[in-house]
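# Reading the structure
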Amino acid sequence: MIPKLPPGQRWIEGLIVYDIGPVPPLDLQNFRLRLFGAVANPQELRWEDLLALPQAQVRADFHCVEGWSVPDLLWEGVLGATIVDLVRPEPDVAWVVAHGREGYTTNVPFSYLLRPDTILAHSLNGKPLPLEHGWPLRLVVPSLYAWKSAKYLVALEFRRDLRRGYWEERGYHDVGDPWREERRR
Ligand SMILES: Nc1nc2c(c(=O)[nH]1)N[C@H]1C(S)=C(S)[C@@H](COP(=O)(O)O)O[C@H]1N2
Ligand SMILES: [Mo]
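Summary of the structure given here. What you are looking at is a predicted structure, and each value in this text was computed from that prediction instead of being measured. (Residues numbered from 1 in each chain as written. Chains lettered and ligands numbered in written order. Predicted model: local features only at pLDDT ≥ 70, side-chain atom pairs only at ≥ 80, totals over all residues. Heavy atoms only, no water.)

Here the focus is the pairing of strand β4 (residues 56–63). A regular strand places its side chains on the two faces of the sheet in alternate fashion. In terms of burial, β4 is a largely internal element, six of the eight residues being buried. By the bridge criterion, seven bridges tie β4 to strand β5 (residues 68–79) in an arrangement that is antiparallel. Residue pairing in the sheet places V58 in a bridge with W75 of β5. Two successive antiparallel strands, β4 and β5, enclose a turn made up of four residues, where G67 displays a positive phi of approximately 115°. (Buried < 20%, exposed > 50% of the residue type's maximum accessible area, 1.4 Å probe, protein only. Helix = DSSP H or I, 4+ residues; strand = E, 2+ residues; numbered from the N terminus. Pairing = 2+ DSSP bridges.)

See below:
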């Protein structure tokens, strides 16, 4: 497979870490993933609940808005579509806000959560997620710029209206599709 590069991007070998601030420590026993908002069946999943859901693998390139792209990463976890089946969002849900445990947020169009390569990943290239890449769980949306792939994921909030996340409030695009170069709005 020849990887394809979105406009204005260049390939690099490995991920560059970006964090808005220090990340609180976590014991997996205390891990909870809250799935809440405009859904019929809200959830608070423990680590073992997450692992009991159908598991999937996704191979995808990763595109950062700063201009670098990393080819061919292998993520493993639970597909966004599996989460949607579980919580049954109301028909008019249009946005999902992903929350990181250090307070990071990002808004993702609901339709992108259903992409076949969108995954809540606990493993990268066959190993548990390294701490700096989001341990223990990360939302990975390969079809959007990397700031939409929230690390240290602790909640997904299903919304009818747009609530901007950390970078979106600072001028980054609400959708962020690298193929349309949606870097800023
Ligand atoms: N929780 C959280 N997720 C985050 C960020 C963050 O600061 N906190 N930074 C985002 C940005 S701006 C980028 S470019 C990618 C970087 O991913 P990496 O650190 O795994 O390379 O993570 C995104 N997800
Ligand atoms: Mo970024």
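So, about the sheet that holds strand β2 (residues 33–37). Reading across from one edge, β3-β2-β11-β6-β7 is the order of the five strands in this open sheet, with mixed pairing throughout. The outermost strands of the open sheet, each flanked by one partner alone, are β3 (43–45) and β7 (105–109). The mean inter-strand angle of the sheet, taken between neighbouring strand axes irrespective of direction, is 15°. In the sheet, β2 pairs with strand β11 (residues 153–159) via four bridges, with the strands oriented parallel. Within β11, the position partnered with L35 by the bridge is L156. (Axes fitted to C-alpha atoms, helices over the stretch in contact; angles between N-to-C directions.)

Right, let's get into the site of ligand 1. Close contacts around ligand 1 come from 19 residues, with I16, E102, H133, R138 and K151 the closest. Interatomic distance of 2.7 Å between a side-chain N/O atom of R138 and an oxygen atom of ligand 1. With respect to ligand 1, the side chain of K151 contributes an N or O atom lying 2.6 Å from an oxygen atom. For ligand 1, whose accessible area on its own is 530 Å², the fraction buried by protein is 97%. Classifying every residue of the shell around ligand 1 gives twelve nonpolar, two polar and five charged. (Near = heavy atom within 4 Å. Polar contact = N/O pair within 3.5 Å; in protein donor to acceptor, adjacent residues only side chain to side chain. Areas by Shrake-Rupley, 256 points an atom, 1.4 Å probe, with all protein chains shown as cover. Nonpolar A, V, L, I, M, F, W, Y, C, P; charged D, E, K, R; others polar.)

Keep in mind these numbers describe shape, not what the thing actually does.
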